[in-house]
Amino acid sequence: MCSSDLTGNVVQGNFIGTNAQGTAAAANGMGVFLSSASGNTFKTNIISGNLGDGVHIVGGGGNTIHENTFIGLNNGATAAIANGNHGVYIESSSSNVIGNTDLISGNGASGVYITGASATGNSVWGNFIGLGFSGGNQVAIGNAGPGVVITAGANANTIGGMTNGTGNVISGNGLVGVLISGGSTGNNVVSNVIGAGQGAGGTAIAIPNHSHGVQILDSPNNKIGIDASAGSGNTISGNQGNGVYVINSNGTLIAGNAIGSGEGGTVPLANSGHGVALIGCSSATIGGSTSGKDNEISGNAQNGIYIEGGTNNSILNNAIGIDGNGVVGVGNGGNGILLQDVVGTLITTVNVSGNAANGVRIIGGSGTIFRGNFVGTNLASNQAIPNGGHGLSLENTSGNRIGEPVSGGGNVISGNMGSGVSLFQSSGNVITNNIVGLNLAATMALPNGSHGIIVQTSNDNTIGGAAQNIIAGNTGIGVAILSGLRNQVRPNMIYSNGGLGIDLDRDGVLPFDGVTFNDSSDSDTGANGLLNAPILTSATLTTVNGRIKAAAGVTITVDLYRSTSCDAAGFGEGSSFFGSTTVTTNANGEATW
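Reference entry: report on the structure contained in this document.

What counts and what doesn't
- Residues numbered from 1 in each chain as written.
- Predicted model: local features only at pLDDT ≥ 70, side-chain atom pairs only at ≥ 80, totals over all residues.
- Heavy atoms only, no water.
- Helix = DSSP H or I, 4+ residues; strand = E, 2+ residues; numbered from the N terminus.
- Buried < 20%, exposed > 50% of the residue type's maximum accessible area, 1.4 Å probe, protein only.
- Contact = heavy atoms within 4.5 Å.
- Areas by Shrake-Rupley, 256 points an atom, 1.4 Å probe, with all protein chains shown as cover.
- Salt bridge = Lys/Arg side-chain N within 4 Å of Asp/Glu carboxyl O.
- Pairing = 2+ DSSP bridges.
- Axes fitted to C-alpha atoms, helices over the stretch in contact; angles between N-to-C directions.
- Phe/Tyr/Trp six-rings, centres within 6.5 Å; stacked < 30°, edge-to-face > 60°.
- Polar contact = N/O pair within 3.5 Å; in protein donor to acceptor, adjacent residues only side chain to side chain.

Thoughts on the overall build of the protein chain
At step 1: A tally of regular secondary structure across the protein chain gives zero helices and 61 strands.
At step 2: Judged by the C-alpha coordinates and their principal axes, the protein chain covers about 105 × 45 × 35 Å.
At step 3: Within the protein chain, the fraction of its 593 residues that count as buried is 55%.
At step 4: At a minimum sequence separation of 6, the contacts of the protein chain that also span at least 24 residues come to 72%.
At step 5: Accessible area for the protein chain stands at about 20600 Å²; split by element, carbon and sulfur atoms hold 53% of it.

Focus on the environment of serine 134
At step 1: Here serine 134 is to be found in strand S16 (residues 131-134).
At step 2: On the accessibility criterion, serine 134 (43% relative accessible area) is partly exposed.

Section: the pattern of salt bridges
At step 1: The final tally for this structure, using the stated rule, is seven salt bridges.
At step 2: Where glutamate 395 meets arginine 361, a salt bridge forms, and the shortest distance between an N and an O atom there is 2.8 Å. Taken together, the residues span a long stretch of sequence, with glutamate 395 in strand S44 (residues 392-395) and arginine 361 in strand S41 (residues 360-363) at a distance of 34 residues.
At step 3: Judged by relative accessible area, which is 27%, arginine 361 ranks as partly exposed.
At step 4: Residues lysine 549 and glutamate 590 are paired through a salt bridge, measuring 3.7 Å at the closest nitrogen-oxygen approach. One end of the pair, lysine 549, is in strand S58 (residues 544-549); the other, glutamate 590, is in strand S61 (residues 590-592), with 41 residues separating them in the sequence.
At step 5: Judged by its relative accessible area of 27%, lysine 549 falls in the partly exposed class.
At step 6: Taken together, the shared-partner salt bridges connect Arg371, Arg401 and Glu404 into one network.

Focus: the pairing of strand S47 (residues 421-424)
At step 1: Bridge count for S44 against S47 is four bridges, and the pairing is parallel. Within the sheet, the bridge partner assigned to leucine 392 lies in S47 and is valine 421.
At step 2: Bridge count for S47 against strand S50 (residues 453-456) is four bridges, and the pairing is parallel. Bridge pairing in S50 links leucine 423 to valine 455.

Structural notes on the sheet that holds S58
At step 1: Across the sheet, three strands lie side by side as S57-S58-S61; this open sheet has antiparallel pairing. The open sheet has two free edges, formed respectively by strand S57 (535-539) and S61, since each of these has just one partner strand. This sheet shows a mean twist of 10° between the axes of neighbouring strands, independent of strand direction.

Re unusual backbone geometry
At step 1: Between arginine 490 and the following residue, proline 491, the backbone shows a cis peptide bond with an omega angle of -25°.
At step 2: Within the fold, proline 491 resides in the loop between strand S54 (488-490) and strand S55 (493-495).
At step 3: For the peptide bond that leads from leucine 510 to proline 511, omega is 0°, which places it in the cis range.
At step 4: Assignment of secondary structure puts proline 511 in the loop between strand S56 (502-504) and S57.

A few points about the side chain of asparagine 74
At step 1: Along the chain, asparagine 74 turns up in the loop between strand S9 (70-71) and strand S10 (88-91).
At step 2: Asparagine 74 sits in the buried class, given a relative accessible area of 12%.
At step 3: Ignoring sequence-local partners within four residues, the contact set of asparagine 74 consists of Gly22, Ile46, Ala79 and Ile81.

Digging into the packing of aromatic side chains
At step 1: Following the criterion strictly, the structure yields four aromatic pairs and no others.
At step 2: Aromatic pair phenylalanine 128 and phenylalanine 133: ring centres 5.5 Å apart, planes at 75°, arrangement edge-to-face.
At step 3: Residue classification places phenylalanine 128 among the buried positions, given a relative accessible area of 18%.
At step 4: A relative accessible area of 25% means that phenylalanine 133 is categorised as partly exposed.
At step 5: Residues tyrosine 561 and phenylalanine 577 carry aromatic rings whose centres are separated by 5.4 Å and whose planes lie at 65° to one another, so their mutual orientation is edge-to-face.

Digging into the side chain of serine 483
At step 1: On the secondary structure map, serine 483 appears in the loop between strand S53 (479-481) and S54.
At step 2: Residues contacting serine 483, with those up to four places away along its chain left out, are Val455, Gln456, Thr457, Ser458, Gly508 and Ala527.

Structural notes on the pairing of S44
At step 1: Burial along S44 is two-sided: the face carrying Leu392 and Leu394 and the face carrying Ser393 and Glu395 are both buried.
At step 2: Bridge count between S41 and S44: four bridges; the pairing is parallel. Looking at the pairing, isoleucine 363 lines up with glutamate 395 of S44.

Topic: the environment of asparagine 50
At step 1: Here asparagine 50 shows up in the loop between strand S6 (46-47) and strand S7 (55-58).
At step 2: In this structure, the C-alpha to C-alpha distance between asparagine 50 and serine 575, residues 525 residues apart in sequence, is 78 Å.
At step 3: Each residue touching asparagine 50, except ones within four places of it in the same chain, is listed here: Ile16, Gly17, Ala27, Asn28, Gly29, Met30, Gly31, Ala82, Asn83 and Gly84.
At step 4: A distance of 3.0 Å separates polar atoms of two side chains, one belonging to asparagine 50 and the other to asparagine 28.
At step 5: Side-chain polar atoms of asparagine 50 contact the side chain of asparagine 83, separated by 3.0 Å.

What to know about the environment of isoleucine 470
At step 1: Counting through the fold element by element, isoleucine 470 comes out in strand S52 (residues 470-472).
At step 2: Remark: the alpha-carbon pair of isoleucine 470 and isoleucine 226, spanning 244 residues in sequence, is separated by 37 Å.
At step 3: Residue contacts for isoleucine 470: discarding those within four places in its chain leaves Asn434, Ile435, Val436, Leu438, Ala442, Met493 and Tyr495.

Structure follows, in structure tokens:
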């Protein structure tokens, strides 16, 4: 069927490209061709078996294809009668509607292909793209290419709808579920199920797209989900790649989605790659600052979130490795969050627990701010939901802030299988105002399985600083410095750990070697220069006197702490900060106060 410059026609109840029963192909070149046509309606047609596109729209706009039209399937939607190219092709045409229970499956290329800078305001909603039915259950009858493509500058199109019931099911396709590429901007992918479907009894099952769920390539300022509370989040699960994969596309918003989980968010329905992967992106936002914009990124085979390169990205208000209510662990198979060579990332109000590796791993880069998060516990922080490695692992990175010295700026980092925080070959980082090994109220031990904080081959880091950390209840040492220099540990509350409060290792080789006794001139070397400890000579409730031995002419700040009871070993911890004083050693390397 070919139409040019026609307006207001209705085409209904036809077999276009098949026999009269809709059971076999009787091919046309194209099924429907509209050129500069507007306001035409196609409904309850079978448009299958054609040599080219099922529907081809060029120019014009405002056309509607809806109400149980089958494009690429037989009558009954149980088997493919493929159109040789795309199911629906829209070129430089605006405000067309493809929707309301259309089935667009089994075609030789993409299900829906939207292209050109004039292709704007098109809506694809309420369809099954890549699926058919067998015995009442959804099954894959995939389009050979992507489910939906938006490309070549097409802008402000919507795949799905802004309310419940207006989304598409885009699953079972031969490539990616949804592809946005070629500088296309301002498009919305909302309310869809991508990579999953319904099996027997309505159970959520994986019906994978054979690549990523959603891929955005060289296209800025697109939105994947907007607000789950308004029904505009997507379920992106079960795909044979990443859930969402964004490359060189600044300003992307990923909000209100369930990525990697199925039934009620408590059962994994894994994407076989990362939940979300950003490569070379800046100013992207994963989540949002208000209720409903948070994502649940859990149950994926690799990392929950992986970001490589880019600057000033934000991860806000998400559940990663745990269900959206912060109760049930639905771990990702790798790290909860992995940042590699990124600058200026903000991570806040995130519950990252239950993941197979570390909660958060930062490799290279600088300037990450990590505040107000729960790592290794449920959202109420009254139960451990361990990450399998460290709570946070910082490697070859600098200038990051773990916690901030403001109300609500600290993190709870407890219950993890490894240490709460690990620093390796990292410098200039600040760890402040955190609770490490306890619940938020600091009334219940949720031990990290190794040390509270471990420092290896790392210099010039601050543990404490403007606000103290509470480091208590951990299985091993409170703060364990294996190697490195000039790492400040002050002032903190450190108590009830299984090992020493602070342990400076002599040889830089595990395991830690316990108490290091003072030497006469403090000339020994090791972690933090194996600084001699001060010796107390007298104490009252208000005054403490003591001495310290070091090199001659050295100015030393001595911090004093108190505990509610003495440690039987004689080398106790410090549960609260008492005060500090500054002294300078004389020519013999001695100082008193």
